[in-house]
Amino acid sequence: MKKTENLWRQLTKLKISWRRVVAILIGSFLSGASLNLFVLPFHMLSGGVSGIAIILYYLLGTPVGLAIGIMNIPLLYAAYRWLSKDFFYSTLAGIIVFMVAVDVTGFLQQHSPTKDIFLASLYGGVFGGLGLGMVFRAGASTGGTDVVGMIAKKRYGMEIGTAAFAANAVVVACGALLFGMEIGMYTLISMFVGSLVVDKVIEGFNRRKVLLIISQEREQIAKRILEELGRGATFLQARGAYTSESKDVLMVVVSRAQIAHVKRFVDEADQGAFFMVIDTAEVIGRGFKRPGAL
């Protein structure tokens, strides 16, 4: 009884918004369905726990989702002991939905939209990465090497990507030895595409540019940016290393389409200005994206 009450108290303390719950559910289901649409019909593999479950499925006919759930039990226990409770419960939800989705959508193996294994590897990576990216962006995971990577980072200082890649590489190598090098090569294509899509989803697709402008006419340039583009600007104090002169650097965050306008403002005000464009993955704050949003 006391254990149940303690568990309930821990759950009620977690700050999990409905948006995070929806993202975890949709992302996990999408990743599970992509396995049946693009990976399993072509006898391809996957990394980590999913890869081991797929190998067992090919060899013994074991349900993939069930095997994923069973193999994640010790990893969940490790996550509960060494990682945050928020991550543990979010990941538990992701694993449950993922394993159920894999087995429930098994009928999709007969309805793959392509007969080409190369296209399947590409789209398997796209949709699988999209689903995983949604889950990661919500602060959870579908278990497997994600948990291993986070524990290795916390306890041994290893990079998460390095630990996850090492675990995935071992599984794919074993699968390639069992089912052929071509299968392993197509699997690596799918995993590579998936990792790119995961990064894009986590970073956000609405990328921005940070502009740094050093000019004697910075006040005039800032005024035009405020009035004509409706964008805020910030003056940063700086000192030249060669001249030791103090200068104000104008910093502004804009969309790609607005860069040309700012270049025109600078060119018309001061052709001798120093202008720098920096790529940024995501901007959070007033006028862009509110803090805490997915």
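Structure's up top.
Bear in mind that the values here come from a model prediction, so they are computed numbers and not experimental data. (Residues numbered from 1 in each chain as written. Predicted model: local features only at pLDDT ≥ 70, side-chain atom pairs only at ≥ 80, totals over all residues. Heavy atoms only, no water.)

Q: Could you clarify how one ought to interpret unusual backbone geometry in this entry?
A: Negative phi values dominate among residues other than glycine, just as trans dominates among peptide bonds. The phi dihedral of His 43 falls on the positive side, at around 60°, and the residue is not glycine. Along the chain, His 43 falls in the loop between helix H2 (18-39) and helix H3 (48-60). Judged by its relative accessible area of 34%, His 43 is partly exposed. (Helix = DSSP H or I, 4+ residues; strand = E, 2+ residues; numbered from the N terminus. Buried < 20%, exposed > 50% of the residue type's maximum accessible area, 1.4 Å probe, protein only.)

Q: Looking at this model, I keep getting lost on the environment of Gly 47. Mind explaining?
A: Looking at the element boundaries, Gly 47 is found in the loop between H2 and H3. Setting aside anything within four residues of it in sequence, one finds Gly 47 in contact with Asn 168, Val 172 and Met 191. (Contact = heavy atoms within 4.5 Å.)

Q: What is the right way to read helix H4 (residues 64-82) from this model?
A: Every α-helix winds through 3.6 residues per turn, so residues three or four apart in the chain are directed the same way. End to end, H4 covers 27 Å across 19 residues, agreeing with the expected 27 Å (1.5 Å per residue, within 8%). Roughly 40° is the biggest bend found in H4, and it falls at Ile 73, with proline Pro 74 one to four residues downstream. All buried positions along H4 are accounted for by Val 64, Gly 65, Ala 67, Ile 68, Gly 69, Asn 72, Leu 75, Leu 76, Ala 78 and Ala 79. (Expected span 1.5 Å × (residues − 1). Bend = angle between axes of the 7 residues up to and from the residue.)

Q: Can you help me understand helix H5 (residues 85-104) in this one?
A: Taking 1.5 Å of rise per residue, 20 residues should cover 28 Å, and H5 covers 28 Å from first to last C-alpha, within 8% of that figure. Inspection of H5 places Phe 87, Phe 88, Tyr 89, Ser 90, Thr 91, Gly 94, Ile 95, Val 97, Phe 98, Ala 101 and Val 102 among the buried residues, and these make up the whole buried set.

These figures come from the coordinates and say nothing about function on their own.
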